[in-house]
Amino acid sequence: MTRLLTSKYAYLALRLIIGLLFVYAGALKLANPEGFAVTINIYGLTTWRMAGVLSYVIPTVEILAGLGLALDVKGGLALVVAQLLGFMAVLLYALHLGLDADCGCFGTPKNTDNAPTGPLVAFLRDAAMLAGCALIYLQRRCTGIRPRSLTRLFRSTN
């Protein structure tokens, strides 16, 4: 277990997997914001107008958070965790109501090859990603790795 916590390769792999999953999911949603707005509206937590706004805001934040995590920028991991907790709360609400709706996690399905994911499967997937984020936090703590500040990321190397 100590090897996993101190391995820079495991740290890099986890960051890239979770970060790029967020970028991919956000890009798929931005490709069809109207379809994602319909998915948001199914949950009944917002007005139709707010669902339309959120169909652009959520995927944009997902992409930025995913890039931040993949590039190890300060705040990227916290933003991913906050989104996962928010998504999981909505999925728990859907499970409580008995909704068997598509979560919209990876965009709007266009055919049966990209079958919709119900709330339970999506919740379990988010829980696994949350566990990965917890491991990243532990790795940072055990190794002393500090994420880069955004200004340091773009600073000239002259």
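Owing to the predicted nature of the structure, the values given are computational and were not obtained by experimental measurement. (Residues numbered from 1 in each chain as written. Predicted model: local features only at pLDDT ≥ 70, side-chain atom pairs only at ≥ 80, totals over all residues. Heavy atoms only, no water.)

1. A word on the pattern of salt bridges
Step number 1: Tallying each qualifying case throughout the model produces 3 salt bridges.
Step number 2: Of the charged contacts in the structure, one is a salt bridge between Arg-15 and Asp-72, with a shortest N-O distance of 3.9 Å. Placement of the pair is Arg-15 in helix H2 (residues 8–31) and Asp-72 in the loop between helix H4 (48–70) and helix H5 (76–97), with a sequence separation of 57 residues.
Step number 3: Glu-62 serves as the salt-bridge partner of Lys-29, at 2.7 Å between the closest nitrogen and oxygen. (Salt bridge = Lys/Arg side-chain N within 4 Å of Asp/Glu carboxyl O. Helix = DSSP H or I, 4+ residues; strand = E, 2+ residues; numbered from the N terminus.)

2. So, a nonpolar patch on the surface
Step number 1: Together, Leu-92, Leu-95, Leu-120 and Leu-124 make up an exposed nonpolar region whose accessible area comes to about 360 Å².
Step number 2: For the nonpolar patch, the secondary-structure elements that each account for two or more residues are H5 and helix H6 (119–143).
Step number 3: Of the residues examined, Leu-95 reaches a relative accessible area of 35% and is grouped as partly exposed. (Patch = residues over 30% accessible without salt bridge, like charges linked within 9 Å, V, L, I, M, F, W, Y side chains within 5 Å. Areas by Shrake-Rupley, 256 points an atom, 1.4 Å probe, with all protein chains shown as cover. Buried < 20%, exposed > 50% of the residue type's maximum accessible area, 1.4 Å probe, protein only.)

3. Description of the nonpolar core
Side chains that are nonpolar tend, in soluble globular proteins, to be buried together.
Step number 1: With 16 residues, the main nonpolar core has Ile-18, Val-80, Cys-133 and Ile-136 as its most contacted residues.
Step number 2: Those elements that place two or more of their residues in this core are H2, H4, H5 and H6.
Step number 3: Listed in part, the 8 residues of the second largest apolar core include Met-88, Leu-91, Cys-103 and Cys-105. (Core = buried A, V, L, I, M, F, W, Y, C linked by side-chain atoms within 4.5 Å.)

4. Considering helix H3 (residues 33–42)
Step number 1: Of all the positions in H3, only Pro-33, Gly-35, Phe-36, Ala-37, Thr-39 and Ile-40 are classed as buried.
Step number 2: Residues of H3 that are buried sit in contact with H2 and H4.
Step number 3: Where H3 terminates, the next one or two residues include Gly-44, which has phi positive at roughly 70°. (Contact = heavy atoms within 4.5 Å.)

5. Comments concerning a positive patch on the surface
Step number 1: Side chains of Lys-74, Arg-146, Arg-148, Arg-152 and Arg-155 sit close together on the surface and give a patch of like positive charge.
Step number 2: Along the chain, Arg-148 falls in the loop between H6 and helix H7 (150–154).
Step number 3: A relative accessible area of 30% places Arg-148 in the partly exposed class. (Lys, Arg positive; Asp, Glu negative; His and termini not counted. Charge placed at Lys NZ, Arg CZ, Asp CG, Glu CD.)

6. Remarks on the packing of H5 against H6
Step number 1: The interhelical angle for the contact between H5 and H6, taken along N-to-C directions, is 155°, at an axis separation of 9 Å. Taken as axis vectors, H5 and H6 run roughly antiparallel relative to one another. In the crossing of H5 with H6, the sense of the turn from one axis to the other is left-handed. Touching Leu-77, Ala-78, Val-80, Val-81, Leu-84, Leu-85, Phe-87, Met-88, Leu-91, Leu-92, Ala-94 and Leu-95 of H5 are Pro-119, Leu-120, Ala-122, Phe-123, Asp-126, Ala-127, Met-129, Leu-130, Cys-133, Ile-136, Tyr-137 and Arg-140, all from H6.
Step number 2: Looking at the contact of H5 with H6 residue by residue, the classes come out as 22 nonpolar, no polar and 2 charged. (Axes fitted to C-alpha atoms, helices over the stretch in contact; angles between N-to-C directions. Parallel < 35°, antiparallel > 145°, perpendicular 65-115°, else oblique. Left-handed = near helix turned anticlockwise from the far one by under 90°. Nonpolar A, V, L, I, M, F, W, Y, C, P; charged D, E, K, R; others polar.)

7. Things to note about the side chain of Glu-62
Step number 1: In this fold, Glu-62 is placed in helix H4.
Step number 2: When its relative accessible area of 3% is taken as the criterion, Glu-62 is described as buried.

8. Considering the packing of H4 against H5
Step number 1: For the pair H4 and H5, interaxial distance at closest approach is 7 Å and the crossing angle is 140°. The angle between H4 and H5 falls in the class oblique. By crossing handedness, the relation of H4 to H5 is classed as left-handed. Contacts between H4 and H5 involve Ile-58, Val-61, Glu-62, Ala-65, Gly-66, Gly-68 and Leu-69 from the first element and Gly-76, Leu-77, Leu-79, Val-80, Gln-83 and Phe-87 from the second.

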